[in-house]
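Structure at a glance
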Amino acid sequence: MRASIPAGLSHKEAELYSRLDPARFPRHIAIIMDGNGRWAKRRHLPRIAGHRSGVFAVRNTVQCASRIGIPAMTLYAFSVENWLRRPKTEVSFLMGLLRRYLKIEMSSFHENNVRVQFIGRWRELPVEVQERMDWAIEETANNTGLTLTFAINYGGRSEIVDAVKSMINAARRNGGLNHLDINEESIDQHMYTSQLPELDLLIRTSGEMRLSNFLLWQAAYSEIYVTETLWPDFSGVKLLEAIAEFQKRERRFGGIESIHPATVHSA
Ligand code: FPP
């Protein structure tokens, strides 16, 4: 028997939800939010109009994820490369947008029991942006529903570099480099995502077939779902469609028998 439909879903979301198996929902979903620029271009609008509309897609997607009980969602908001390769005006627009978003969204975070956190080298951001981020972390620290992680000034390779440095520093503190214990588990504990569940589903919008330096370590066994939908057109409905596709996949983790996500986590 299917579980009851969670409160707050739209009619279409509820309809899609009713066809899914909540026991086999991904526990951690990450999204490469791509296509804001193309969305704007198609409408003869400036690129920043695409980013502005992208905020609505973030809101709708996050609300749906939290209502259906997804424990963790990680959104790729700005890459390390975005800083270097985009016009300064666009970068500072995105910074302002993030600050405003965190403030405006706070009531919705509380309503939906969302805890906010950030990964990446975000301590390199302008101080007023960092202050707003610190505020959002603190304000939502006691929420116990969805953990919403924004990857900001993030790069998958720089995360691995930071993990290696962190391991070496930890070993030094614990008596020297002969205490350096290198294995998959210990490396995992030094990744930015060490407190998050395994990444089950990685979604990329706007059709590109690339990881773009996102969660390189974590994506080792994730299912990848690429949709042609441009990010501003993404939504809770599209998220549920991605989950439906996820539930059709057979996950083998290098073996020959398929393993369902629910079984993987309890193994
Ligand atoms: C990729 O589209 C998107 C970004 C680099 C920025 C992501 C920002 C948002 C989704 C909106 C704001 C989010 C928050 C959390 C405030 P692109 O510009 O690379 O699009 P293109 O590939 O079509 O040019």
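Preceding this paragraph is the structure being described.
This write-up is about the structure you can find in this document. (Residues numbered from 1 in each chain as written. Predicted model: local features only at pLDDT ≥ 70, side-chain atom pairs only at ≥ 80, totals over all residues. Heavy atoms only, no water.)

**Describing the packing of helix α3 (residues 47–67) against helix α5 (residues 88–111)**
Think of two packed helices as two axes; the pair is described by the angle between the axes and how far apart they sit. Note the following rule: The axes are straight lines fitted to the C-alpha atoms, using for helices just the contacting stretch, and the angles between their N-to-C directions are given from 0 to 180°. Helix and strand labels come from DSSP, where a helix needs a run of H or I of at least four residues and a strand needs a run of E of at least two; each type is numbered from the N terminus. Working rule for angles: under 35 degrees goes down as roughly parallel, over 145 as roughly antiparallel, 65 to 115 as roughly perpendicular, anything else as oblique. Put simply, a crossing is left-handed when the front helix is turned counterclockwise from the back one by less than a right angle, and right-handed when it is turned clockwise. Should any heavy atoms of two residues lie within 4.5 Å, those residues are considered in contact. Polar here means any residue other than Ala, Val, Leu, Ile, Met, Phe, Trp, Tyr, Cys and Pro, which are nonpolar, and Asp, Glu, Lys and Arg, which are charged; Gly is therefore polar.
Direction vectors running N to C along α3 and α5 enclose 30°, while the axes themselves pass 11 Å from each other. Classified by the angle between their axes, α3 and α5 sit roughly parallel to one another. Helix-helix and strand crossings are classified by hand; for α3 and α5 the assignment is right-handed. Judged by residue contacts, Arg-47, Ile-48, His-51, Arg-52, Val-55, Val-58, Arg-59 and Gln-63 of α3 engage Glu-90, Phe-93, Leu-94, Leu-97, Tyr-101, Ile-104, Glu-105 and Ser-108 from α5. For the contact of α3 with α5, the residue count by class is eight nonpolar, three polar and five charged.

**Observations regarding the layout of surface pockets**
What counts is decided by this rule: Here a cavity denotes a set of grid points, spaced 1 Å apart and computed over the protein atoms alone, in which a 1.4 Å probe fits but from which it cannot get out, and a pocket denotes an open set meeting protein on both sides within 12 Å along at least five of seven lines; residues with an atom within 4 Å of a point are reported as lining. Grid points are joined across faces, edges and corners, and a volume is the space filled by probe spheres set on the points.
Roughly 750 Å³ of volume is contained in the largest pocket. Those elements giving two or more residues to the lining of the largest pocket turn out to be α2 (36–42), α3, β2 (72–79), α4 (80–85) and α5. Looking at the lining of the largest pocket, its residues break down into 13 nonpolar, eight polar and nine charged. For the second largest pocket, the calculated volume is near 380 Å³. As for the second largest pocket, its lining consists of 14 residues, and the residues nearest its centre are Glu-184, Asp-188, Glu-198, Trp-217 and Gln-218. Ranked by the residues each element gives to the lining of the second largest pocket, the list is headed by helix α8 (residues 184–189), at three residues. The residue makeup of the lining of the second largest pocket, split by class, is six nonpolar, four polar and four charged.

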